[in-house]
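Each chain, letter by letter, is given below.
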Amino acid sequence: MDSFPTWTVAGLWGLLSGTALVIGASIGYFSKVPQRTIALIMAFGAGVLISALSFELVNEAYKQGSFISTATGFISGGIIYTIANFILSRSGAKHRKRSQNQQPSENEDEGSGLAIAVGALLDGIPEAIAIGLSMIEGGAVSFATVIAIFISNLPEGLSSASGMKKAGRSKTFVFGTWVAIALLTAASAICGYTIFSHFSQEVISATLAIAAGAILCMLVDTMIPEAFENGHDWVGIVTVTGFLIASMLSKIS
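The structure presented is a predicted model; accordingly, all values stated were derived computationally and were not measured.

**Quick notes on the overall build of the chain**
Then step 1. Per the secondary structure count, the chain includes eight helices and zero strands.
Then step 2. Its helices and strands taken in sequence order, the chain reads α-α-α-α-α-α-α-α from the N to the C terminus.
Then step 3. Counting only residues that meet the buried cut, the chain has 50% of its 253 residues in that class.
Then step 4. Long-range contacts, defined as pairs at least 24 residues apart, comprise 85% of the intrachain contacts of the chain with a sequence gap of at least 6.

**Some points on the UniProt feature "transmembrane region" (unreviewed entry) in the chain**
Then step 1. The feature "transmembrane region" (unreviewed entry), as annotated in UniProt, sits at residues 12-30, 37-55, 67-88, 128-152, 172-196, 203-222 and 234-252 in this numbering.
Then step 2. Secondary structure across residues 12-30 comprises 100% helix and 0% strand; the distance between its end C-alpha atoms is 27 Å.
Then step 3. Helix and strand shares over residues 203-222 are 100% and 0% respectively, and the end C-alpha atoms of the span are 28 Å apart.

**Description of the packing of helix α2 (residues 35-64) against helix α8 (residues 235-252)**
What describes two packed helices is the angle between their axes and the distance between those same axes.
Then step 1. The geometry of α2 relative to α8 is characterised by a closest axis approach of 7 Å and an angle of 40° between their N-to-C directions. Taken together, the axes of α2 and α8 lie oblique to each other. As for how α2 packs across α8, the hand of that crossing is right-handed. In this structure, α2 uses Leu40, Ala43, Phe44, Gly47, Val48, Ile50, Ser51, Ser54, Phe55 and Glu56 to contact α8, whose residues at the interface are Val235, Val238, Thr239, Thr241, Gly242, Phe243, Ile245, Ala246, Ser247, Ser250 and Lys251.
Then step 2. Each residue belonging to the contact of α2 with α8 can be placed in one class, and the counts come to 11 nonpolar, eight polar and two charged.

**Looking at the environment of Glu60**
Then step 1. Along the chain, the position of Glu60 falls in helix α2.
Then step 2. Given the relative accessible area of 22%, Glu60 is considered partly exposed.
Then step 3. For the pair Glu60 and Ser134, spaced 74 residues apart in sequence, the C-alpha separation works out to 8.2 Å.

**Structural notes on the packing of α2 against helix α7 (residues 201-231)**
Then step 1. The contact between α2 and α7 brings their axes to 9 Å, and the two run at 165°. Classed by the angle they form, the pair α2 and α7 counts as roughly antiparallel. The two elements α2 and α7 meet at a crossing, and its hand is left-handed.
Then step 2. Residue composition of the contact of α2 with α7, by class: 24 nonpolar, seven polar and four charged.

**Side note on α8**
Residues separated by three or four positions in an α-helix point in the same direction, a consequence of the helix having 3.6 residues per turn.
Then step 1. If you check α8, its first and last C-alpha atoms are 26 Å apart, about what 18 residues at 1.5 Å a residue would give, namely 26 Å.
Then step 2. Every buried residue of α8 is listed here: Val235, Val238, Gly242, Ala246, Ser247 and Ser250.
Then step 3. Those residues of α8 hidden inside the fold are in contact with α2, α5 (143-166) and α7.

**A look at the side chain of Glu127**
Then step 1. Note that Glu127 resides in helix α4 (residues 112-134).
Then step 2. Setting aside anything within four residues of it in sequence, one finds Glu127 in contact with Leu49, Ile149, Ser152, Asn153, Glu156, Ile215 and Met218.

**A few points about α7**
Then step 1. At Leu219, α7 shows its strongest bend, of approximately 40°.
Then step 2. Residue His232 follows α7 closely and has a positive phi angle near 50°.

**Considerations on the pattern of salt bridges**
Then step 1. As enumerated under the stated definition, the model contains one salt bridge in all.
Then step 2. The salt bridge partner of Lys63 is Glu60, with a shortest N-O separation of 3.6 Å. On the criterion of helical spacing, the pair formed by Lys63 and Glu60 is a turn pair, its members being three residues apart in helix α2.
Then step 3. Classification of Lys63 as exposed rests on a relative accessible area of 57%.

**Thoughts on the side chain of Ser205**
Then step 1. Within the secondary structure, Ser205 sits in helix α7.
Then step 2. The class for Ser205 is buried, based on a relative accessible area of 0%.
Then step 3. When sequence neighbours within four positions are dropped, the list of residues in contact with Ser205 reads Ala61, Tyr62, Gln64, Gly65, Ser66, Ser69 and Thr70.

**Concerning the packing of aromatic side chains**
Then step 1. Under the defined criterion, the tally for this structure stands at five aromatic pairs.
Then step 2. Here the aromatic rings of Phe30 and Phe175 are separated by 5.5 Å at their centres, their planes lie at 20°, and the arrangement is stacked. Placement of the pair is Phe30 in helix α1 (residues 6-30) and Phe175 in helix α6 (residues 171-194), with a sequence separation of 145 residues.
Then step 3. Here Phe30 falls in the exposed class, since its relative accessible area comes to 56%.

**Comments concerning a nonpolar patch on the surface**
Then step 1. On the surface, Ile75, Ile79, Ile83, Phe86 and Ile87 cluster together into a nonpolar patch covering about 510 Å² of accessible area.
Then step 2. Positionally, Ile83 belongs in helix α3 (residues 67-93).

The rules behind these values
Residues numbered from 1 in each chain as written. Predicted model: local features only at pLDDT ≥ 70, side-chain atom pairs only at ≥ 80, totals over all residues. Heavy atoms only, no water. Helix = DSSP H or I, 4+ residues; strand = E, 2+ residues; numbered from the N terminus. Buried < 20%, exposed > 50% of the residue type's maximum accessible area, 1.4 Å probe, protein only. Contact = heavy atoms within 4.5 Å. UniProt positions renumbered as here; feature names shortened; annotations may be inferred. Axes fitted to C-alpha atoms, helices over the stretch in contact; angles between N-to-C directions. Parallel < 35°, antiparallel > 145°, perpendicular 65-115°, else oblique. Left-handed = near helix turned anticlockwise from the far one by under 90°. Nonpolar A, V, L, I, M, F, W, Y, C, P; charged D, E, K, R; others polar. Expected span 1.5 Å × (residues − 1). Bend = angle between axes of the 7 residues up to and from the residue. Salt bridge = Lys/Arg side-chain N within 4 Å of Asp/Glu carboxyl O. Phe/Tyr/Trp six-rings, centres within 6.5 Å; stacked < 30°, edge-to-face > 60°. Patch = residues over 30% accessible without salt bridge, like charges linked within 9 Å, V, L, I, M, F, W, Y side chains within 5 Å. Areas by Shrake-Rupley, 256 points an atom, 1.4 Å probe, with all protein chains shown as cover.

Okay, structure coming up:
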């Protein structure tokens, strides 16, 4: 990819991570994956993302800025995500990552389909921006971050698409939503690089921390509840395994 402009490379890495959502959605929609399997895959993905937050995003934010900018951004990201998620949850998107019958149909809750689509986009944007931001310093992507996001996106798409199907959403809606989000993920990665590359290290640090805080809130609000509900006693060790593998990737990348 050396022959491409850096912003294009950022978009391609963002698209790659977003494509995992479409792959996961295809598996969840067309195959009958056991609920326990979905839960354990979700737990693994959560562990991977927590590791990426710890060893890549927050650490990089601290190195580029300061403790103040990192802490302020991290808390701000959590607050922004929580407020947006609260609004969307009231509109019918509360269970957008759930794989069983928790998602409302359009007849049960008019407008919930749009809320679910926007909610899924809300979950993906911070991750994509983080990819673009990781390329500002030196123009090279953090492979550990991309791999972590790709792995975690698979169960996200799988679980959510399974729930959408059970709620009676059409195939056009399900795949239209995830393809659109994959493309917007690429656009967000480009924005993460092109917009913030002109700002100071402190601003980049705070923005990276904002993305990290939003991702952590997303994990606790959406992925971990789905994992625990059906995975029970195995969720902890599977999450630890995902964390360990991702941390090893972070050290060798």
